[in-house]
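# Observations on the model geometry
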Amino acid sequence: MSTRTLPLVFINLGGEMLYILDQRLQAQNTSVDNTEKGVWSEKDRKRVMNDIIGTMFSKAFMDELLKPQQLYSHKTMKTVLTRLAHTSIMRLNPASMEKLYELMVMAFKYQVYLCPRPKDLLLITYNHMDAIREFVRDTPAVANQVDETHRKLIEVYAPLSEGEFQLLRQTLLIFFQDMHVRVSLFLKNQIQNPNGRFTLTTSGPVPHGGDVPGLIRLFSVKGREVSRCEFPSGGSYSSAVREGSFDLHGDRVLRLGVNMYTMNHPEETHTSRNTCAQPDDVPNLLAKEELNLLARIMGSMKTVPVHTTEGSFRLNLFASDREEEEAGTSGGAQDFDVINIQAMQDEQASAELARIAAQFAEEELKHEDQGSSKGDELLAMMDDL
Amino acid sequence: MFHKEKSIQIKNSASALYNNLSVLRIAPRRLTYFTVVHANVVNMVSASWDGLNYSHRQLQSKEPNVATSTSLIMQAAFCVLPSRELLVVTSQKGIQMYESDGSIMVYWHALDTPETPTAQAVFARGIAAVSENYVCVGVSSGAILVFDIPSKGSNITLSEVLEEHKESITDIAAECSGSQECVANLVTVDDGGSLCVWKSGEEFQLLNKIAGLDISCSSVKLWKGTVVAGYGSGQIRIYEAVTGILQSEINAHARWIYSLDIAPFSGLLLSAAEDSFVRVWHLSVTPETNSVEVAHLHNECVTDTQICGAKFCDGDGYAFAVTGYDLSEIIRYTQT
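Residues numbered from 1 in each chain as written. Chains lettered and ligands numbered in written order. Predicted model: local features only at pLDDT ≥ 70, side-chain atom pairs only at ≥ 80, totals over all residues. Heavy atoms only, no water.

## Description of the overall build of chain B
The helix and strand inventory of chain B stands at zero helices and 29 strands. Projecting the C-alpha coordinates of chain B onto the three principal axes gives extents of approximately 55 × 45 × 40 Å. Counting over 336 residues, chain B shows a buried share of 64%. Taking the intrachain contacts of chain B between residues at least 6 apart in sequence as the baseline, contacts between residues at least 24 apart amount to 48%. (Helix = DSSP H or I, 4+ residues; strand = E, 2+ residues; numbered from the N terminus. Buried < 20%, exposed > 50% of the residue type's maximum accessible area, 1.4 Å probe, protein only. Contact = heavy atoms within 4.5 Å.)

Right under this line is the structure:
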């Protein structure tokens, strides 16, 4: 399938991750400076965003992503995104990361599924990038990296035909297949059904370049229209709206990919899983190829800074303290298992991650010398993560 | 006109691929086979006509060797020839051909896949049986591979490679009216919307090429010398095959069309798209006057589903079946 999916996947998933982190970090913001333990200040928040965005849009990382390659498994994606989140001072435990990942993926799945034309995948990506640019507008160095990446994307994706974009979209849809995690924000806005499937309206504007269904035209051999008649389409469609901008800056028109989370609705990030088996339960048999990718990508990320002097910063990603208590005690029909996501400065975790990160960097240097045994080492390491 | 019947459950959900449903009716055994692609697996269901027996089988895509990554399947389709029936499966790595019940693989053709992935994806897509003994398969490069199929056994050979298309092949269709009079008996379409019309033989002859308008043509059918093509814009266009004259244009769907089918005995046409609609039309072709008539008959809305496959279950169009992305069932409809 398409070999051009990876950059779009990381930017869009990364973008969703940043929207969620931003919302939660802001919700925690109850002190102006970082003198109070266990509280995230404005300064810390900006630092987290800058660190993550800086890494995501670093030249080395982006160049790696832009190489033509197959889309890999959820396990690999999750590992790299975890690593990405941990390039900041924030720490997320595995359970938190799991929930965060589900939320990111369901949001992106929704956007890809509802995408009016395959080419609009780019507009969705650009919506994420516009928001990311806003997050780092006070840090010109990082903002420049974002712009540079945007230019590269325009260069790489502009020549693709609509058919190639559809192949890209189909590849992404296979990646998201069978994931039906319910998200309370989506349920509330009625874009998702209680069974976890997204709603598809049969009304609204047709995609740009399309025609409203309902017309049959017949032509003579000379090409003149000889008759036209209408048929009931079963929906209530309207003409296409104007096309969004594919440039560095501009009105994207399409709303898919803009930040759905706001300060006022902390419950919007609740998720609940259906009891069916998640696709990730299937053992990943193509491990070796993916691990090579992983090694290359991790190697291109800067090593994790380990903070030994600062105290621990506890961040509840998905519930306020009050909600945490209430969730624990509330009975009755509980639709959502709210898991309190612990994001903290964990010295032990940082040390462990630093060790792993260093090993990945080392592995990359020794790459040419060793053969298949290296794959096995990496495999063993993956099992420990 | 049609009402919904009991669905057939399948082992996995359908992937969002063009023409993702194939149906084979086996009258002597009162059975119908259905195939639906899920990532790297083909789900086969054999359904008895009395609705009492269902048996399932899964076929995996073949890997050239264990170390390489999983190959995603692009399409699975039954090919009906006078002497035998085959199930052809196309993937990123190559083309597999099985006996129609999926029990034995009789042939494997590997595609030239580069060592490191290239910007242009490599895969095979587009499958059709044509005339007595050919099966044609499309490739992402635009080439059409013509395989010569013996009446039995596995001595299948690559007879010819047709290089006319410049973009990835999306679908291939053979003349399905059963008429021997049609000069053109094969049509091939690609991602740019170009259509090529061919006459089969020891050397296939290109009869006509209709230029595309940069809108991908995802599904095509050929009936009584008439090409019916479905596009990413949601339009259906009807052309006279040999001359390329546009006879009709239908603004049929609000989203990308994924599947078309024709019931050859009745002229019923089925179209299905990502907009969640399946539509039934009636097509009548009068070759003497080169005229075509199209009437819209019926709509079915498969709520909240992007449809990826729709096929009639019989030559009269008495029943049809539908698959949708992320759905683990084959939905069936029969005429009231």
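## A word on the overall build of chain A
Across its full length, chain A holds 13 helices and eight strands. Taking all 385 residues of chain A together, 53% fall into the buried category. Partitioning the intrachain contacts of chain A with sequence separation of at least 6 by distance along the chain shows that 78% fall at a separation of at least 24. Approximately 16,500 Å² of chain A is accessible, and the part contributed by carbon and sulfur atoms is 52%. (Areas by Shrake-Rupley, 256 points an atom, 1.4 Å probe, with all protein chains shown as cover.)

## Section: the sheet that holds strand 18 (residues 205-210) of chain B
All names here are of chain B. Read across the sheet, four strands follow the order 15-16-17-18 without closing on themselves; strand pairing throughout is antiparallel. Because the sheet does not close on itself, it has two edges, and the strands there are strand 15 (169-174) and strand 18. Here the average twist between neighbouring strands, direction ignored, is 20°. Where strand 17 (residues 195-199) and strand 18 come together, five bridges link them in antiparallel fashion. Note on strand 18: the bridge partner recorded for tryptophan 198 is leucine 206. (Pairing = 2+ DSSP bridges. Axes fitted to C-alpha atoms, helices over the stretch in contact; angles between N-to-C directions.)

## What about the environment of leucine 172 of chain A?
In this structure, leucine 172 of chain A sits in helix 8 (residues 162-176). As for leucine 172 of chain A and lysine 109 of chain A, which are separated by 63 residues in sequence, their C-alpha atoms are 8.1 Å apart.

## Overview of the pattern of salt bridges
Within the structure shown, the criterion is met by 25 salt bridges over all chains. Taking the shortest distance from any N to any O, the salt bridge between glutamate 98 of chain A and lysine 78 of chain A comes out at 3.1 Å. Note that glutamate 98 of chain A is positioned in helix 5 (residues 94-114) and lysine 78 of chain A in helix 4 (residues 74-85), a separation of 20 residues in sequence. Under the relative-accessibility criterion, lysine 78 of chain A is labelled buried at 14%. Taking the shortest distance from any N to any O, the salt bridge between glutamate 99 of chain B and arginine 84 of chain B comes out at 3.4 Å. Remark: arginine 84 of chain B occurs in the loop between strand 7 (73-80) and strand 8 (85-91) and glutamate 99 of chain B occurs in strand 9 (residues 94-99); sequence separation between them is 15 residues. For glutamate 99 of chain B, a relative accessible area of 24% gives the class partly exposed. (Salt bridge = Lys/Arg side-chain N within 4 Å of Asp/Glu carboxyl O.)

## Description of the pairing of strand 4 (residues 225-230) of chain A
All names here are of chain A. Across the six residues of strand 4, zero count as buried, placing the element largely on the outside. Note: strand 3 (residues 215-219) against strand 4, five bridges, orientation antiparallel. Along strand 4, the bridge assignment pairs isoleucine 216 with cysteine 229. Between strand 3 and strand 4, which pair antiparallel one after the other, the connecting turn spans five residues, and glycine 223 there sits at a positive phi close to 95°.

## Remarks on the side chain of glutamine 166 of chain A
Of note, glutamine 166 of chain A is situated in helix 8. Excluding anything up to four places from it in sequence, glutamine 166 of chain A contacts Pro118 of chain A together with Tyr18, Trp256, Tyr258 and Glu274 of chain B.

## Topic: unusual backbone geometry
Residues and elements named next belong to chain A. We note that glutamine 190 has phi near 60°; this positive angle belongs to a residue other than glycine. Counting through the fold element by element, glutamine 190 comes out in the loop between helix 9 (184-188) and strand 2 (203-205). The backbone of valine 253 shows a phi angle near 65°, a positive value even though the residue is not glycine. You can see valine 253 is positioned in the loop between strand 5 (236-238) and strand 6 (271-272). Residue classification places valine 253 among the partly exposed positions, given a relative accessible area of 24%.

## Description of the nonpolar core
With 97 residues, the main nonpolar core has Met17, Ile53, Phe57, Met104 and Leu172 of chain A together with Phe34 of chain B as its most contacted residues. Once you skip the residues sitting within four places of it in the chain, isoleucine 53 of chain A turns out to touch Leu18, Ile132, Phe135, Val136, Val142 and Val146 of chain A. Counting residues in hydrophobic clusters, the runner-up holds 23 residues, among them Tyr33, Val37, Val42 and Leu59 of chain B. (Core = buried A, V, L, I, M, F, W, Y, C linked by side-chain atoms within 4.5 Å.)

## As for the confidence of the model for chain A
Residue and element names in this part refer to chain A. The predicted model of chain A averages 75 in pLDDT, with 64% of residues at 70 or higher. The low-confidence segment residues 275-286 (pLDDT under 50) makes 14 contacts with residues lying over four places distant or belonging to another chain. In the predicted structure, residues 356-385 sits below a pLDDT of 50 and forms 31 contacts with residues beyond four places in sequence or in another chain. (pLDDT = per-residue confidence, 0-100.)

## Quick word on the side chain of serine 91 of chain B
Residues and elements named next belong to chain B. By secondary structure assignment, the location of serine 91 is in strand 8. Since its relative accessible area comes to 0%, serine 91 is described here as buried. At a separation of 3.2 Å, a polar atom in the side chain of serine 91 contacts the side chain of serine 71. Once you skip the residues sitting within four places of it in the chain, serine 91 turns out to touch Ser61, Ser71, Leu72, Ile73, Met74, Leu111, Phe123 and Ala124. (Polar contact = N/O pair within 3.5 Å; in protein donor to acceptor, adjacent residues only side chain to side chain.)

## Details of the UniProt feature "repeat: WD" (unreviewed entry) in chain B
In the numbering used here, UniProt assigns the "repeat: WD" (unreviewed entry) feature to residues 250-291 of chain B. Here residues 250-291 of chain B runs as 0% helix and 62% strand, with 15 Å between its end C-alpha atoms. (UniProt positions renumbered as here; feature names shortened; annotations may be inferred.)

## Observations regarding the interface of chain A and chain B
Reports often express the size of an interface as the amount of accessible area lost when the parts come together. If you look at the interface, chain A gives 54 residues, while chain B gives 57 residues. Counting each side, the surface lost to burial between chain A and chain B is near 4,500 Å², with a carbon and sulfur contribution of 53%. Run the count over chain A and chain B and you get three salt bridges. When residues of the side of chain A that touches chain B are traced back to their parent elements, those giving at least two are helix 5, helix 8 and strand 3 of chain A. At ten residues, helix 8 of chain A tops the list of elements feeding residues into the side of chain A that touches chain B. (Buried area = accessible area lost by both parts, 1.4 Å probe.)

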